[in-house]
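Residue-level structure breakdown
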Amino acid sequence: MHFGVLGPLSVTKDGREIDIKPLKWRVLLAVLLRQANKPASVDLMMDALWGDQPPRSARANVRVYVHRLRQVLGFEDRIAWIAPGYTLTVYPGELDAHRFAELVGQGGRARDAGDLPRAAALLCEALRLWRGSPYEGLTEECLPLRDEAARLDELRLTALQERLAIDLDLNRHADLVPELRALIAEHPLRERFRAQLMVALYRSDRQAEALQVYQDTRRVLNEELGLEPGPQLRNLQRAILAGDPALSIPSPAHDPPAADPPASDPVGPGPGTSGPPAAGPSLPGAVAALPVYAEPVRRDRMVPQQLPQDVPGFTGRDDELAQLDGVLLRNGIRTAAIASVAGTAGVGKTALAVHWAHRVRDEFPDGSLFVDLRGFNPTAQPAQPDEVLERFLRALDVPPAVIPATLDERAALYRTQLSRRRMLIVLDNAASSGQVRWLLPGSASCSVVVTSRSRLAGLVARDGARRIPLGLLSQAEAVALLRQVIMPARVDAEPAAAARLTKLCANLPLALRLAGERVSARPHLTLADLIKELANEYDRLNLLTAADDDATAVRAAFSWSYRALGPDAARTFRLLGLHPGPDLSLEAVSALTGAGAQRARALLHTLTDGHLLQETSHDRFQLHDLLRAYALDRAHADEPADERAAAIRRLLDWYQHTADAADRVLMPQRLHVPLDPPEPPVRPRELPSPAAALTWCEGERLNLVAITRFAAETGRHDVAWKIPCSLWSYFSVRSRWSDWFTTHDVGIAAARRGGDRYGESLLLTSVANAYSAVGQYDEAIKRFDRAIAISRQIGESWVEAAARTLLGITNRERWRLTEARDNCEEALRLFRASSDSWGTAWALYTLGDVCAGLRQDGQALAHTAQALSLFEGIHDQWGRGRTLSLIGQINRNLNRFDEATKYCRQALAAAREIGNRLGEALALYTLGKVQCDIHRTDAARESWRQALAIFEELGTPQADKVRARLAKLPEA
């Protein structure tokens, strides 16, 4: 199957084009392809099909159209209902837009590796996929497709600029002149094409024509926009006039003298915002590199070893271990080796995978990755592939700022990272092939073990996985396991009873371990006595089930162990089933149960001693999903409804108030949502420092996402929007894009259901900030506009001012400087009217940045001086350091090198005072540029060496730019 959207919509199956004539069917298919492998909501489909005036039968019509599409395309299983809409499964290579992105990524990696001819060939191949305008003929009346077409067009132009840049580096400048002149005629306002034409003409010994291009550009920009050319073109003109020899050297490691963007650090300008660090300058002929982070593997870095602890006393499974050896260690194929361990619940799939992984870990020198995909967890949602990819990329030392926002881009970057490593990836408890497919490496250097209760037929058929079925233990293996858990002498003394016990436990390892542990804890209990107790429980449970099966044996063992607990331990066990997250901290359990920390720890250790709970690290615990389901059943059966409700309230209170405490530590000056006091005996975590706040947020990250969903599902709409609001600071500092989007989407929906327009406007502002930070400006602007409209309706001027400040930053990034200035000036008026010094300072800072972009340097200095005074007055060292860096950059642009040096040194001191390592490196980087400008070469070299050491330590992309500048300096 092949789908084409880079031109008129096309579908080809087995080499034959499928003609889809009805327009609405074509629009529907286009929307599904726009969302390929992700749910397209019914609301989105209705909007695409009918705009603002859908008929009453719209939802029913969508179902009919989906049914017809399934029939026409000939596949029933490829378009599936996944709330809140339909998902079209598209496999790798089937969609031309995906293939385009993959080729562009390969081209970027080839360029990074220095293989410029291959990079050019790959980009040419990518551009040949285009047959016209994206979704041609479908975008006129369909806003969602029109927005997507504009996005794809922008990606095409970026790839084209990259291809032209590489051709310039390959000395093909003479051939490029006609093509670049045609592109300028088609895109007269794109300064990058004009810069490339100037370089091509200059290298073709046509200096006068190159300078004429600059004059033509200046005239066009003045007439159309009232603007002067940007700093890159201005500096390029000066370099041509000066005959700068760097322009004649087509090397991607060089960049021209340019007015760089102001330095940035993790917490971006504005009320609680952040964004990726500024990209910095690039060669006038070459565009900035495409978003591919492909730093060579450094052996001095910590190798990720994420495997859980090996199973003590692992017994049997020799055949399956040998099969894993054969599939994963003796891989003779050219793709990643994949073993799929499939079996029923409690059969020991995870134990087998983890034990084998520990046994062969020396075969994988670059480490291991492990994730519980929560495929069959009764309370937590299955792990989303984009969430897992973000976690894996961070473990592979990819800086958060360069982790892409979209699933397909993350998967491509993940495959790139693994292509240079020999690693083992264990994907535990998978729900489906689709969940796993995004997490597969593309290289034969890596091996993958997947465990699932499902057979994962798609993984076997399409991805070449080798299925290893895991059945029940043999009689001998089951007895051997009992001998490991119970004293061997006790088992050997009653061989018939031991055999009967294994039968009652259905030879399932989980049931056998629980039963064996019960015997071991009661030295005077014979196996015969144990069998009598367990058989009675087994018969009782079997009466409640439709048929005798393995689950009954496990539930019998659970029930037997549960009933042997004391009252407090039994209550603790069943309340654990109410927790919606993947694991639990001691403090969360203390809140859930209402017990003090010391008492809660004792009860938890009682459960771990009885193998009803696992301690995964100090004071953190995890339930097997079967035990979680059983605990939840017991909570509903044995815990009064009012007690369950009280436990949930305490748990939500603990998470909400601790998240709020983290927010107040990370950004103490930002507006915080007022909360009612926590319900006794809840004691929120004390977080004395930003480091402590970040550590808590990182440790509870998955639980915070789960608790937000849980609050929304249980009708606690206030908690469901207030927790995401409190996480704004954390998400900003750590760039947790997936969690930011997920929690805020849930929170916005909850605020709307609860009729809380204030909460809705706050979260719209926050999530718009996230969309802007990842470059999805259209999505950001829609949400900013909505937040501003709501905040004006309800009279919340702070929210409007914050949204306008952040909207100003977004327009600054889009080079819509007049709009950006208007946004900032209105934000400044609102913040001043409410006497908010912190907000006023950030609005002034942002206004200064915008004025610098407009080359209104005097105004820029005036605004930043006011911002600096305010930040110093409220003791905000973060904002002070940011502003000092910006003032230094503005003075450098004005050739006031003494002033620039002074402010850069002050920014450096401010960053060091609060331990802001990235801010320190950026201040050193800018300082080095000033020193280079005034020919203090040795000082510049030392500044850049210090900056480079920090950038490498942090793993940020600025390291490459510093290396390039150091390479251009003459030898000391």
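These lines cover the structure that appears in this document, whether it is placed above or below. On a predicted model such as this, the values are computed, not experimentally measured, just so you know. (Residues numbered from 1 in each chain as written. Predicted model: local features only at pLDDT ≥ 70, side-chain atom pairs only at ≥ 80, totals over all residues. Heavy atoms only, no water.)

Section: the overall build of the protein chain
The helix and strand inventory of the protein chain stands at 43 helices and 14 strands. Burial analysis of the protein chain (972 residues in total) assigns 57% to the buried set. Across the protein chain, every contact between residues at least 6 apart in sequence was considered, and the portion connecting residues at least 24 apart equals 68%. Accessible area for the protein chain stands at about 39,100 Å²; split by element, carbon and sulfur atoms hold 50% of it. (Helix = DSSP H or I, 4+ residues; strand = E, 2+ residues; numbered from the N terminus. Buried < 20%, exposed > 50% of the residue type's maximum accessible area, 1.4 Å probe, protein only. Contact = heavy atoms within 4.5 Å. Areas by Shrake-Rupley, 256 points an atom, 1.4 Å probe, with all protein chains shown as cover.)

Examining the nonpolar core
Core analysis: the largest hydrophobic core is formed by 143 residues, its most contacted members being Phe-573, Leu-576, Tyr-655 and Phe-951. The residues contacting Tyr-655, other than those within four sequence positions of it, are His-579, Ala-588, Trp-696, Glu-700, Asn-703, Leu-704, Ile-707 and Ile-723. Counting residues in each nonpolar core, the second largest holds 83 residues, with Leu-6, Leu-49, Ala-200 and Ile-240 among its members. (Core = buried A, V, L, I, M, F, W, Y, C linked by side-chain atoms within 4.5 Å.)

Details of the pattern of salt bridges
Oppositely charged side chains are able to pair whenever their charged atoms sit close together. By the definition in use, this model includes 50 salt bridges. In this structure, Arg-59 engages Asp-43 in a salt bridge whose closest nitrogen and oxygen atoms are separated by 2.6 Å. A residue pair is termed long-range when its members are at least 10 positions apart, and Arg-59 in helix α3 (residues 58-73) and Asp-43 in helix α2 (residues 42-50) qualify at 16 residues. Note on Asp-43: relative accessible area 47%, which makes it partly exposed. Put simply, Arg-716 and Asp-718 hold a salt bridge, and the shortest N to O gap is 3.4 Å. Looking at Arg-716, the relative accessible area reads 23%, which means it is partly exposed. What makes Asp-718 partly exposed here is its relative accessible area of 33%. Through salt bridges with shared partners, a single ionic network connects Glu-390, Arg-394, Arg-410, Glu-698 and Arg-736. (Salt bridge = Lys/Arg side-chain N within 4 Å of Asp/Glu carboxyl O.)

Observations concerning the packing of helix α1 (residues 23-34) against α2
Across the interface, α1 lies against α2 with an axial gap of 10 Å and an inter-helix angle of 135°. Taken together, the axes of α1 and α2 are oblique relative to one another. Where α1 crosses over α2, the two elements pack in a sense that is right-handed. Mapping the contact onto sequence places Lys-24, Val-27, Leu-28, Val-31, Leu-32 and Arg-34 in α1 and Leu-44, Met-45, Ala-48, Leu-49 and Trp-50 in α2. Looking at the contact of α1 with α2, its residues break down into nine nonpolar, no polar and two charged. (Axes fitted to C-alpha atoms, helices over the stretch in contact; angles between N-to-C directions. Parallel < 35°, antiparallel > 145°, perpendicular 65-115°, else oblique. Left-handed = near helix turned anticlockwise from the far one by under 90°. Nonpolar A, V, L, I, M, F, W, Y, C, P; charged D, E, K, R; others polar.)

Considerations on the pairing of strand β10 (residues 447-452)
Counting buried residues along β10, six of its six residues qualify, which places the element largely inside the surrounding structure. Note: strand β7 (residues 337-342) against β10, six bridges, orientation parallel. In the strand pairing of β10, Ala-342 is matched with Ser-452. In the sheet, strand β9 (residues 424-428) pairs with β10 via four bridges, with the strands oriented parallel. (Pairing = 2+ DSSP bridges.)

So, the sheet that holds strand β2 (residues 10-13)
Ordered in space as β1-β2-β3, the three strands form an open sheet in which the pairing is antiparallel. In the strand order of this sheet, the two ends are held by β1 (2-4) and β3 (16-17), each with one partner. Bridge count for β2 against β3 is two bridges, and the pairing is antiparallel. Following the sheet pairing, Lys-13 is matched in β3 by Arg-16.

Focus on the sheet that holds strand β13 (residues 614-617)
Pairing in this open sheet of three strands is antiparallel, and the strands run β12-β14-β13 from one edge to the other. In this open sheet, the two strands that pair with only one neighbour each are β12 (584-585) and β13. As paired elements, β12 and strand β14 (residues 620-622) share two bridges and run antiparallel to each other. Note that in β14 the partner of Leu-584 across the bridge is Phe-621.

Digging into the environment of Val-799
For Val-799, the location among the structural elements is in helix α35 (residues 797-813). For the pair Val-799 and Leu-671, spaced 128 residues apart in the sequence, the C-alpha separation amounts to 9.1 Å. When sequence neighbours within four positions are dropped, the list of residues in contact with Val-799 reads Tyr-758, Ser-761, Leu-762, Thr-765 and Ser-791.

A look at the side chain of Asp-96
Among the structural elements, Asp-96 can be located in helix α4 (residues 96-112). In contact with Asp-96, not counting residues within four places along its chain, are His-2, Phe-3, Gly-4, Val-5, Leu-6, Leu-129 and Arg-131.

Quick word on the side chain of Gln-237
On the secondary structure map, Gln-237 appears in helix α10 (residues 231-242). Not counting residues up to four positions away in its chain, the partners in contact with Gln-237 are Met-198, Leu-211, Tyr-214 and Gln-215.

Some words on the packing of aromatic side chains
The relation between two aromatic rings is expressed through the spacing of the ring centres and the mutual angle of the planes. Taken as a whole and judged by the stated rule, the model has 15 aromatic pairs. Taking the centre distance of 5.9 Å and the plane angle of 75° together, the rings of Trp-654 and Trp-696 count as edge-to-face. With Trp-654 in helix α27 (residues 641-666) and Trp-696 in helix α28 (residues 690-699), the pair connects residues that are 42 residues apart, well separated along the chain. Put simply, the rings of Tyr-562, Phe-573 and Tyr-630 pair up and form one aromatic cluster. Above the ring of Trp-130, the side-chain terminus of Arg-156 is found at 5.6 Å from the ring centroid. For the cation-ring pair, Lys-929 lies above Tyr-925, with the distance from its terminal atom to the ring centre recorded as 4.3 Å. (Phe/Tyr/Trp six-rings, centres within 6.5 Å; stacked < 30°, edge-to-face > 60°. Lys NZ or Arg CZ within 6 Å of the ring centre and 35° of its normal.)

Thoughts on the packing of α4 against helix α5 (residues 116-127)
Closest axis-to-axis distance for the α4/α5 pair is 8 Å, and the angle between their directions is 165°. Between α4 and α5, the interaxial angle falls into the category roughly antiparallel. The way α4 lies across α5 gives a crossing that is left-handed. Taken together, the residues of α5 that come into contact with α4 (itself represented by Arg-99, Phe-100, Leu-103, Val-104, Gln-106, Gly-107, Ala-110 and Arg-111) are Leu-116, Arg-118, Ala-119, Leu-122, Leu-123, Glu-125, Ala-126 and Leu-127. Residue classes in the contact of α4 with α5 are distributed as 10 nonpolar, two polar and four charged.

Overview of unusual backbone geometry
In this structure, Pro-681 follows Pro-680 across a cis peptide bond, with omega equal to 5°. Within the secondary structure, Pro-681 sits in the loop between α27 and α28. Positive phi values are uncommon outside glycine, yet Asp-14 reaches one of about 55°. With respect to the helices and strands, the residue Asp-14 is situated in the loop between β2 and β3. We note that Asn-429 has phi near 65°; this positive angle belongs to a residue other than glycine. Residue Asn-429 is classed as buried on the basis of its relative accessible area of 12%.

Remarks on the state of the cysteines
Summed over the entire model, instances satisfying the criterion amount to zero disulfides. Just so you know, Cys-824 is unpaired, no disulfide at all, and the nearest cysteine sulfur is the one on Cys-851, 8.4 Å from it. Its relative accessible area of 1% is what places Cys-824 among the buried residues. (Disulfide = S-S within 2.5 Å.)

A closer look at the environment of Leu-886
Note that Leu-886 resides in helix α39 (residues 877-893). In this structure the C-alpha to C-alpha distance between Leu-886 and Asp-849, which are 37 residues apart in sequence, comes to 7.4 Å.

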